[in-house]
Amino acid sequence: MHPDLEQVLFTEDQLMAEIRALGARLSADYAGRNPLFVCVLKGAVMFMTDLVKHVTVPLEMDFIAISSYGASSKSSGVVRILKDLDRPVEGRDIVIVEDIVDTGLTLAYLKESLQHRRAQSVRVVTLFDKPEGRKVDIQPDYACFQVPNAFIVGYGLDYAERYRNLPFVGILKPSVYIG
Ligand code: PRP
């Protein structure tokens with residue numbers, strides 16, 4: 001437990017068990033293929049590195065960093081690429097690796113961008129799905145956990161860049177971000 005958290009939602013053991021199971025599912029679903037796993041920085045870094053250890057098909061990894069244009073445009077879905085992928089995606093089977101899908105705006109942009117670049121297939125894997133936050137009709141293909149509409153941090157997820165290094169995930173005390 002951390003003093004800034006009001007509740008632990010998922011322990012490290014719970015996270016690892018689901019991630020291991022997801023790795024096995026992906027290994028079966030991508031049998032005979034060579035997918036490109038695309039990690040969406042920074043929140044998904046922990047999840048990506050643990051997940052790929054449990055995928056047994058040959059795969060490649062790449063990283064993309066995207067940001068919304070300021071606070072107001074978070075709801076408009078206008079985002080920009082801060083760091084693009086290193087290699088072309090044309091003809092590739094893409095697995096987007098996200099830490100959380102909330103409004104879905106980031107994902108909608110990213111999926112469209114990769115499809116526009118002529119990826120052969122694009123699927124989305126997320127550690128956390130927050131369906132109550134959705135503003136666009138988009139669903140992840142694989143989700144480890146559904147989470148409530150609360151401010152969660154840890155295992156990659158931050159508040160003001162903090163708490164990413166916690167090995168577990170919990171709900172942040174409102175007193176930390178209010179006032
Ligand atoms: C978070 C998260 C997703 C996105 C999900 O990233 O990693 O990429 O927000 O939210 P949405 O569904 O409402 O678009 P953030 O912009 O906080 O950057 P970070 O991963 O570097 O923390």
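Residues numbered from 1 in each chain as written. Predicted model: local features only at pLDDT ≥ 70, side-chain atom pairs only at ≥ 80, totals over all residues. Heavy atoms only, no water.

Student: I'd like a description of the sheet that holds strand β9 (residues 169-172), backed by residues and values.
Tutor: Read from one edge of the open sheet, three strands run β1-β9-β8, paired in antiparallel fashion. Because the sheet does not close on itself, it has two edges, and the strands there are β1 (5-10) and β8 (152-153). As paired elements, β1 and β9 share four bridges and run antiparallel to each other. For Q7, the partnering residue across the bridge sits in β9 and is I171. (Pairing = 2+ DSSP bridges. Helix = DSSP H or I, 4+ residues; strand = E, 2+ residues; numbered from the N terminus.)

Student: So what's going on with the site of the ligand? Residues and values would help.
Tutor: Taken together, 15 residues surround the ligand, and among them E98, D99, T103, G104 and T106 come closest. E98 is positioned such that a nitrogen or oxygen atom in its side chain is 2.7 Å from an oxygen atom of the ligand. R164 places a polar side-chain atom, nitrogen or oxygen, 3.0 Å from an oxygen atom of the ligand. Here the ligand, which alone exposes 500 Å², has 80% of that area covered by the protein. Mapped onto the shell around the ligand, the elements with two or more residues apiece are β5 (93-101) and α3 (105-116). No other element matches the four residues that β5 contributes to the shell around the ligand. (Near = heavy atom within 4 Å. Polar contact = N/O pair within 3.5 Å; in protein donor to acceptor, adjacent residues only side chain to side chain. Areas by Shrake-Rupley, 256 points an atom, 1.4 Å probe, with all protein chains shown as cover.)

By themselves, these observations are geometric and do not establish any function.
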